[in-house]
Amino acid sequence: MKEPGHERWMREAIALSRQCPVSRTFSVGAVIVGVDGAVLSTGFSREGSPDNHAEEAALAKLAPDDPRLATATLYSSLEPCSTRASRPVSCTQHILRAGVDTVVFAWREPLLFADCDGAETLAAAGVRVVELSALADEVRAVNAHVLADPPA
């Protein structure tokens, strides 16, 4: 499904992913956009802490009960994680707790670190999920470092 604005905001998320400090893990960018088209928050992997994920960093900049999240769209260059080793709460759980209405991502998380079912978990909980696979190659390019030297 292609809607006006989705590609624009996904490209913003991909641009943010290029700001990630160097790591052996995924470089991800996230943009949270209100129903009025205003950017509510942004984040990228390892922003502020080596263990921060992009969605987590963006959501942490907003009050947990921010009413704008109920009609907001969260754009993440990579499918939100559903399990993680670095912290007990996944990005999928953060998104569900925040009450975000719609999640748009470009690239499904490959089976390198964990078996991810973030898109399916979000959809099963009633979150509208949109995959912009046409931009997945751009996200893969940002993450060539992980694909070239996958974890053992």
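Preceding this paragraph is the structure being described.
This is a predicted model, so every value here is computed, not measured.

How each quantity is defined
- Residues numbered from 1 in each chain as written.
- Predicted model: local features only at pLDDT ≥ 70, side-chain atom pairs only at ≥ 80, totals over all residues.
- Heavy atoms only, no water.
- Helix = DSSP H or I, 4+ residues; strand = E, 2+ residues; numbered from the N terminus.
- Rg over C-alpha atoms; globule rule 2.2 N^0.38 Å.
- Buried < 20%, exposed > 50% of the residue type's maximum accessible area, 1.4 Å probe, protein only.
- Contact = heavy atoms within 4.5 Å.
- Areas by Shrake-Rupley, 256 points an atom, 1.4 Å probe, with all protein chains shown as cover.
- Core = buried A, V, L, I, M, F, W, Y, C linked by side-chain atoms within 4.5 Å.
- Salt bridge = Lys/Arg side-chain N within 4 Å of Asp/Glu carboxyl O.
- Phe/Tyr/Trp six-rings, centres within 6.5 Å; stacked < 30°, edge-to-face > 60°.
- Arc of directions from axis to C-beta.

**Brief notes about the overall build of the chain**
Along the chain, the regular secondary structure elements total six helices and five strands. When the elements of the chain are put in sequence order from the N terminus, they spell out α-β-β-α-β-α-β-α-β-α-α. For 152 residues, the compact-globule formula gives about 15 Å, and the C-alpha radius of gyration of the chain, at 14 Å, lands near that figure. Counting only residues that meet the buried cut, the chain has 50% of its 152 residues in that class. The long-range share in the chain, meaning contacts at least 24 apart out of those at least 6 apart in sequence, stands at 70%. For the chain, the exposed surface amounts to about 7300 Å²; the carbon and sulfur share of it is 55%.

**So, the nonpolar core**
Formed by 39 residues in total, the largest nonpolar core has its most connected members in Met10, Ile32, Leu59, Leu69, Tyr75 and Val100. For this core, the elements supplying multiple residues, two or more each, are helix H1 (6-17), strand S1 (29-33), strand S2 (39-44), helix H2 (54-60), strand S3 (73-78), helix H3 (91-98), strand S4 (102-107) and helix H5 (136-142). Top element by residues in this core is H1. It accounts for five residues. The contact partners of isoleucine 32, leaving out residues within four places of it in the chain, are Ala38, Val39, Leu40, Ser41, Ala58, Leu59, Leu62, Leu69, Ala72, Thr73 and Leu74.

**Considering the pattern of salt bridges**
The final tally for this structure, using the stated rule, is eight salt bridges. The residue arginine 11 makes a salt bridge to glutamate 7 at a minimum N-O spacing of 3.2 Å. With arginine 11 and glutamate 7 both in helix H1 and four residues apart, the pair spans about one turn of that helix. Since its relative accessible area comes to 35%, arginine 11 is described here as partly exposed. Between glutamate 47 and lysine 61 there is a salt bridge, with the nearest N and O atoms lying 2.7 Å from each other. Of the two residues, glutamate 47 is situated in the loop between S2 and H2 and lysine 61 in the loop between H2 and S3; the sequence distance between them amounts to 14 residues. Overall, lysine 61 belongs to the partly exposed group, its relative accessible area being 46%. Shared partners join several salt bridges into a network, and the residues in it are Glu79, Arg108, Glu120 and Glu131.

**Section: the packing of aromatic side chains**
Per the stated rule, a full pass over the model turns up one aromatic pair. With a centroid separation of 5.8 Å and an interplanar angle of 90 degrees, the aromatic rings of phenylalanine 26 and tryptophan 107 are classed as edge-to-face. In this pair, phenylalanine 26 sits in the loop between H1 and S1 while tryptophan 107 sits in strand S4, placing the two residues 81 residues apart along the sequence.

**Examining H3**
Listing the buried residues of H3 in full gives Cys91, Thr92, Ile95 and Ala98. The buried side chains of H3 occupy one side of the element, clustering within an arc of 130 degrees when seen end-on. Following H3 by one or two positions, glycine 99 has its phi on the positive side, about 80 degrees.

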